[in-house]
Amino acid sequence: MRFKLIVFDMDGVIFEHNNFWMQLHEALGTLHPGLELTEKYLKTDLKKLADEVIGKLWKGKPAEPFFNLIKNAKYNPGAEETFKKISKLGIKICILTGGPIHLAKRAQEELKGIEKVHGNELIIKDNKITGEYNWIYEDIDHKGEILKDICKEYNIDPLEAIVVGDNDEDAFKFRVAGRSIAFNSKSKELKKAADFIVESNDLREVLKFIE
Ligand SMILES: [Mg+2]
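Source: prediction; values computed, not measured.

Visitor: I'm lost on the pairing of strand β5 (residues 161-165) in this one. Help?
Guide: For a regular strand, side chains alternate in direction, first toward one face of the sheet and then toward the other. The element β5 is extensively covered by neighbouring structure, given that five of its five residues are classed as buried. Residue alternation in β5 divides its side chains into two sets, Ala 161, Val 163 and Gly 165 and Ile 162 and Val 164, and both sets are buried. When strand β1 (residues 5-8) meets β5, the two strands line up parallel, connected through four bridges. Note that in β5 the partner of Phe 8 across the bridge is Val 164. As defined by bridge partners, β5 adjoins strand β6 (residues 179-183) across four bridges and the pair is classed as parallel. Looking at the pairing, Ile 162 lines up with Arg 179 of β6.

Visitor: Mind showing me how you'd approach the sheet that holds strand β7 (residues 196-198) here?
Guide: Neighbouring strands of a sheet are bound in pairs by backbone hydrogen bonds; such pairs are parallel or else antiparallel. In spatial order, the strands read β4-β3-β2-β1-β5-β6-β7; together these seven strands make up an open sheet with mixed pairing. Across the chains shown, the open sheet's two edge strands, defined by having one partner strand only, are β4 (128-134) and β7. Taken over all neighbouring pairs, the strand axes of this sheet differ in orientation by 25° on average, direction set aside. Here five bridges tie strand β2 (residues 92-100) to strand β3 (residues 114-125), and the two strands are oriented parallel to one another. Its bridge partner lying in β3, Pro 100 is registered against Asn 120.

Rules and cut-offs
- Residues numbered from 1 in each chain as written.
- Predicted model: local features only at pLDDT ≥ 70, side-chain atom pairs only at ≥ 80, totals over all residues.
- Buried ≥ 20, exposed ≤ 12 C-beta atoms within 10 Å, placed from the backbone.
- Helix = DSSP H or I, 4+ residues; strand = E, 2+ residues; numbered from the N terminus.
- Pairing = 2+ DSSP bridges.
- Axes fitted to C-alpha atoms, helices over the stretch in contact; angles between N-to-C directions.

So this is what it looks like as structure tokens:
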């Protein structure tokens, strides 16, 4: 089968860090309550988690640490070459991430061929975190549904899509797509759900499962 679309997760796949929001907790001095709230609500009530973290813990904090993390995030090895090669094959590239849309947009500007980015938006005004946000999904298992919507937009069958991810919740996309690649993942569940597994953090390794 000829694949028409590849959808990349961002944290831990395109970029080295595997959880941007935890990095931001650290930078803003909210790691302890942040970990507690994440443990409590990540898999049960994502809206409650966002309301508690963004609407309360982070509201009014300076945005500088956020922008510094966006600016300093490091790509995994081979990112530039990999995206160039995939776009040469005529395969459309998207990012679908629970991480910040600001960073997905940076990748879109700097790497070749990324057509669309879907991520979460932390709303910032006058250099402060406002406490407001635009989250792309309400539940952690919505990633699969969003993948279906993206395919619909491009008028392609999900079976013609490849997904690349590293975390448990990426498994929801793996079940929808025609081909799935677990990338540098520590998740046993994800590896079990994957068609192919890349055991390094070099993005060029993904290429051999695309052509
Ligand atoms: Mg990830």
